[in-house]
Amino acid sequence: MLGLIILASLVVLVPLLIVIWYVVSQGVSALNGDFFTKDLGGPTRAQFGQPTGMAQAIAGTFFIDLTALLMAVPVGVGAGLMLAEYKEHPLNPLLRVMNDTLNGMPAILKGLLIFTLVVRPTGTFSGFAGALALGVVMLPIIARATEGALSLVPWSIREAGLALGLPRWRVILAAVLPVARPGLVTGVLIAFARAAGEAAPLLLTSLGNNFLPRDPWNPLEYLTKAADTLPQRLYALAVSPYKQWHAMGWAAGIVLLALVIVVFFVGRLLTRKAH
Amino acid sequence: MRSLANKGSRFGDTAFLTLLTVLGLVVVGLGVLMAWTLGKEAADPLSRFGLFGFLTGTKWDPVSGVFGAWPVILGTLITSSAALLLSFLPAIGLAILSAEYAPRWLATGIDYVVDLLAAIPSVVLGIWGILVLAPALRDNVYRPIYLWATENAPGQAAWLGNPTGYGLITATLVLALMIVPYTTALARDAIRLVPSEQREAAWGLGATRWEVLRVAVLPYARGGITAGAVLSFGRALGETIAVAMLIGNSVRLPLTLFGPASTMPSIIVNEFREAVDNLHLNSLLAVGFFLFIISLIVNLAAAWVQRRLVPGNEGS
């Protein structure tokens, strides 16, 4: 029986490790200086060996994901606080059901939601619409993680604060949140990692863009126009017919994997420190 | 608690709770908005083809303006169920290994790897599938079988389908890989939650390790494992990018083994940019609406299973 169980485990682990090995070995050759500093341009650039890279996707990912995070964290933490600290509040049963529903919805539906609400009425794909869609992806994860982290804080801490005569909101902000912070940050990191790998909602909202904007350091250039992100560009490169673009797709895969792995281990480190 | 607070802080409490209520309402609002906007856009094709006609129509043809969603619904259900069936036993095996058999250091290692694998973005699996797995399967499996069938069993080639490499089986395999870490993590947590008294009682009766597992642990963890499987199924239903890259994207009834097909999320991603006329776009949004409904049902079912089957949880 143990043999069978070990066999099953190998069946699971080996293919996934093969995937990682492939991504790294196929992509490493395209991962040069140009990759981080030049934009992609048309396919001929890669075919004729002219300098080409993914700077536009890296910058776009940075600005769009950061905007999404800035929007999702306050709302998600607020909803999590509501669920954990005001258990008696009449809104909570509904909030819990809705948050779980949002959490269980496929990411593409979050893209469709923003498409119908933002892209269709304004008539333009934009990085901001992409950030909104990713924000909706992050939001329920952050709310759940916040609730989980707060519910681990012992009640005695709240009681101590209240006994000092502090109002409830001060107790929550000054005593409960700091104790729960490592768990909270981990939750935010998980949400960020999940959203950073999503391509589907971005295809419907920020669309994609092969070029760096005129002013590559200006976030508005990405947020107000169709913009590129790594996962969505990786998809476009992989389904393109050009060999050189496939190599760049593998390289984009390395960057995405590295991002996810770094975020993952930072999160683990934080939770371990807290215990 | 409030009686202790002075007037100023009561204002602070009210303001804070109001702020939280507003933020909570944003979450509630987003959920409602999702159902409402998708439903509103879906109204147009639904009134034109009828609810039943849209759901069971087998023809999806943007050129003649006829939209029936049955091929993509069927494609979604087939790939997701097959992926769950393929991945369930290996995932349970890995969960048991990690929760019951492995020494501490190995269990920690397995947990790390599983959680990390769950975090791999689906595009990354997708590029591996489209550039490595699909061509390999085509050259080594599909084409030999197809050629053998055309020579030796000519009647069978029809349901085998065109062996391009991009089709139902390839998409299902990658989908199975994708949900394995998810099923494993949920099953592992369910097994870990089994109280040690359960095990000790079985050990005390002279059960072997396998018997302890079979008699005491697995029945107790059944609810959590089943709920986890249902959630994984929901995950597979909504998985978009990797499937869109691998399934071949043909909006016909998926009646062949190797041939191309489509799923609800994949058709949305694929036809979105080409959907110039409103009926086509709204039909895609209607597919999204039904994807919403199906996901909702699956999530509610998982919650229900969790409540009903987890011991000590029945009353709540």
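Note that the structure is a prediction, hence the values are computed from the model and not measured.

Conventions and cut-offs
Residues numbered from 1 in each chain as written. Chains lettered and ligands numbered in written order. Predicted model: local features only at pLDDT ≥ 70, side-chain atom pairs only at ≥ 80, totals over all residues. Helix = DSSP H or I, 4+ residues; strand = E, 2+ residues; numbered from the N terminus. Buried ≥ 20, exposed ≤ 12 C-beta atoms within 10 Å, placed from the backbone. Contact = placed C-beta atoms within 7 Å. Axes fitted to C-alpha atoms, helices over the stretch in contact; angles between N-to-C directions. Parallel < 35°, antiparallel > 145°, perpendicular 65-115°, else oblique. Left-handed = near helix turned anticlockwise from the far one by under 90°. Nonpolar A, V, L, I, M, F, W, Y, C, P; charged D, E, K, R; others polar. Expected span 1.5 Å × (residues − 1). Bend = angle between axes of the 7 residues up to and from the residue. Core = buried A, V, L, I, M, F, W, Y, C linked by C-beta atoms within 7 Å. pLDDT = per-residue confidence, 0-100.

Scanning chain B for helices and strands turns up 12 helices and 2 strands. Its helices and strands in sequence order give chain B the pattern α-α-β-β-α-α-α-α-α-α-α-α-α-α, from N to C terminus. Each of the three principal axes of chain B carries a C-alpha extent, and together these read 75 × 60 × 35 Å. With 316 residues in all, chain B has 48% of them scored as buried. Looking at chain B alone, contacts between residues at least 24 apart form 72% of all its contacts between residues at least 6 apart.

Across its full length, chain A carries 13 helices and 0 strands. Along its sequence from the N terminus, chain A presents helices and strands in the succession α-α-α-α-α-α-α-α-α-α-α-α-α. Looking at chain A as a whole, 54% of its 275 residues qualify as buried. The long-range fraction of contacts in chain A, counting pairs at least 24 apart against all pairs at least 6 apart in sequence, stands at 76%.

Our focus in this paragraph is the packing of helix α7 (residues 168-192) of chain B against helix α9 (residues 209-238) of chain B. All names here are of chain B. α9 packs onto α7 with a crossing angle of 150° between their chain directions and a minimal axis gap of 8 Å. By the angle between their directions, the pair α7 and α9 is classed as roughly antiparallel. Of the two possible hands of crossing, α7 and α9 adopt the one that is right-handed. Here Leu-175, Ile-179, Tyr-182, Thr-183, Leu-186, Ala-187, Asp-189, Ala-190 and Ile-191 of α7 lie close against α9, whose contacting residues are Val-217, Ala-221, Gly-224, Ile-225, Gly-228, Ala-229, Leu-231, Ser-232, Arg-235 and Ala-236. For the contact of α7 with α9, the residue count by class is 13 nonpolar, 4 polar and 2 charged.

Okay, the interface of chain A and chain B next. Contacts between chain A and chain B engage 68 residues on the former and 67 residues on the latter. Tallying contributions element by element places helix α1 (residues 2-27) of chain A first for the side of chain A that touches chain B, with 14 residues. Within the side of chain A that touches chain B, the residues separate by chemical class into 55 nonpolar, 11 polar and 2 charged.

The subject of this paragraph is the packing of helix α6 (residues 107-122) of chain A against helix α12 (residues 278-309) of chain B. The interhelical angle for the contact between α6(A) and α12(B), taken along N-to-C directions, is 135°, at an axis separation of 10 Å. Between α6(A) and α12(B), the angle falls in the class oblique. Both α6(A) and α12(B) take part in a crossing whose hand is left-handed. Between α6(A) and α12(B), the residues in contact are A:Leu109, A:Leu112 and A:Thr116 and B:Leu285, B:Gly288, B:Leu291 and B:Phe292, respectively. Classifying every residue of the contact of α6(A) with α12(B) by side-chain character gives 5 nonpolar, 2 polar and no charged.

All names here are of chain A. Over its 25 residues, helix α7 (residues 127-151) runs 36 Å from end to end, which matches the ideal 36 Å to within 8%, given 1.5 Å per residue. Along its length, α7 reaches its greatest deviation from straightness, about 30°, at Met-138, and the proline Pro-140 lies no more than four positions downstream. Extensive coverage of α7 is indicated by the burial of 23 of its 25 residues.

With 7 of 8 residues buried, helix α11 (residues 264-271) of chain B lies mostly within the body of the structure. Within α11(B), the full set of buried residues consists of B:Met264, B:Pro265, B:Ser266, B:Ile267, B:Ile268, B:Val269 and B:Asn270. Where α11(B) is buried, its residues touch α6 and α10 (200-205) of chain A together with α3 (70-101), α9, α10 (241-246) and α12 of chain B.

A word on unusual backbone geometry. Excluding glycine, residues mostly have negative phi values, and the peptide bonds linking residues are mostly trans. One non-glycine residue, A:Leu207, adopts positive backbone phi at about 70°. Residue classification places A:Leu207 among the buried positions, given that 22 C-beta atoms sit within 10 Å. Non-glycine residue B:Asn249 carries a positive phi angle of around 55°. Take B:Asn249: it is sitting in the loop between α10 and α11. On the basis of neighbour count, B:Asn249 is assigned to the buried category, with 20 C-beta atoms found within 10 Å.

By size, the foremost hydrophobic cluster in this structure holds 191 residues, and its most contacted members are A:Met138, A:Ile142, A:Phe192, A:Leu234, B:Val174, B:Leu246 and B:Val287. At 17 residues, α7(B) tops the list of elements feeding residues into this core. Dropping the residues within four chain positions of it, A:Met138 is found in contact with A:Ala68, A:Leu69, A:Ala72, A:Gly76, A:Ala191, A:Phe192 and A:Ala195.

Topologically, B:Val141 is positioned in helix α5 (residues 122-152). Along the sequence, B:Val141 and B:Phe49 sit 92 residues apart, while their C-alpha atoms lie 41 Å from each other.

Let us now look at the confidence of the model for chain B. Residues and elements named next belong to chain B. For chain B, mean pLDDT is 90; residues scoring 70 or higher make up 95% of the total. The spread of mean pLDDT over the elements of chain B runs between helix α6 (residues 157-160), the lowest at 80, and α10, the highest at 95. When the criterion is pLDDT under 50, residues 1-5 qualifies, and its contacts beyond four places in sequence or with other chains add up to 8 contacts.

For the rest of this paragraph, the subject is the environment of A:Leu189. All names here are of chain A. Considering the arrangement of structural elements, one finds Leu-189 in helix α9 (residues 168-196). According to the C-beta neighbour criterion, Leu-189 is buried, with 21 such atoms within 10 Å. Sequence separation between Leu-189 and Ile-142 is 47 residues, and the spatial gap between their C-alpha atoms is 8.8 Å. When neighbours within four sequence positions are excluded, Leu-189 is seen to be in contact with Val-263, Val-266 and Gly-267.

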